[in-house]
Amino acid sequence: TDLSDLAERASGVVAELRNRMLLPDASKIAPTISSEKLAGITGLTKAQIQYRIEKGMPAGISAVRGGRREFTLTEAQEWARSERKDKLRPSGCKAVTVGVAFFKGGVTKTTTAMTLAQGLSLLGHRVLNIDLDPQDSLTSLHGLLPDSEITEEETLGPLFHGTKSDVRYAIRKTYWPGIDLIPAASALFGAEFSLPSRQVRDRNFRFWDVLNQALDAVRDEYDVIIIDTPPSLSYMTINAFFAADGMVVPMTTNMLDMASSAQFWNLFSELAE
């Protein structure tokens, strides 16, 4: 009872802090982009930006302070797609899928998944962020309150339980144009029991391939899919490995992380074999 009361109080504090941080409307707001940042994104000079504006490119908005020209995130992405045409996903190609994984927490795994998605979006790419961690930190970074605003049915739980066959049902828009999200909540941990249970019932069930198969329905709609994983070699982490074309493995420079990385690559190699 004491632990339940503590959990309820902690959840209340988190909700209150979140509402204070996201005033006035309790939701995250996409940033505006300065001319300097737009130049960095597109590789253009300020003079070239001004010339293109005069020729009809998105004009941007005027900042309240100092009269500096700024651009909405959507406008900046339009500029990026126009100036980086040769660097975008070629027609007919599928999304690149990237897993962000490590066996322990505190290595900036979730922050990496978020900033990588935002950076790619600023360069004009369409990104799908997938939160596979029941601790749901990536979902929180998107301005959502897991468990209060996200039910298990809105996570990948139904996919792993076997009641859904692709991920489309769980995709939602975010405050950041160009990034969609499949959120997580604590109930997603149930997948760690349902996946092996399905394997016991059906010896032909490919428990490691569920996410990979389910992503096929949307690989034509995104340029990059980024998956944030639990800090363990869980059934969901294994699914992320085999859904991914490549992995980002964040690691801080200390002995414990170095030792964990050795375990990580040994176990991954055995799993791949």
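The structure this text deals with has already been given above.
Analysis parameters
Residues numbered from 1 in each chain as written. Predicted model: local features only at pLDDT ≥ 70, side-chain atom pairs only at ≥ 80, totals over all residues. Heavy atoms only, no water. Buried < 20%, exposed > 50% of the residue type's maximum accessible area, 1.4 Å probe, protein only. Helix = DSSP H or I, 4+ residues; strand = E, 2+ residues; numbered from the N terminus. Pairing = 2+ DSSP bridges. Contact = heavy atoms within 4.5 Å.

### A look at the pairing of strand E4 (residues 96-100)
1) Next: Across the five residues of E4, four count as buried, placing the element largely inside the fold.
2) Next: Here five bridges tie E4 to strand E8 (residues 224-228), and the two strands are oriented parallel to one another. Note on E8: the bridge partner recorded for Thr-97 is Ile-225.
3) Next: Note that E4 and strand E9 (residues 246-248) share three bridges and pair parallel. By the bridge assignment, Val-100 is partnered in E9 with Val-248.

### Here's the deal with the sheet that holds strand E5 (residues 127-131)
Strands pair in a sheet through their backbones, by hydrogen bonds, and they do so in one of two ways: parallel or antiparallel.
1) Next: The sheet built from six strands is open, its strands ordered E6-E7-E5-E8-E4-E9 with mixed pairing. The open sheet terminates on both sides in strands that have one partner only, identified here as strand E6 (172-173) and E9.
2) Next: Alignment of E5 against strand E7 (residues 179-182), held across four bridges, turns out to be parallel. If you follow Leu-128 over to E7, its bridge partner there is Asp-180.

### Topic: the side chain of Gln-118
1) Next: As for its placement among the helices and strands, Gln-118 is situated in helix H5 (residues 109-122).
2) Next: If we skip the residues at most four places from it in the chain, Gln-118 touches Tyr-175, Trp-176 and Ile-179.

Note that every value here comes from positions in space, so none of it alone points to a role or purpose.
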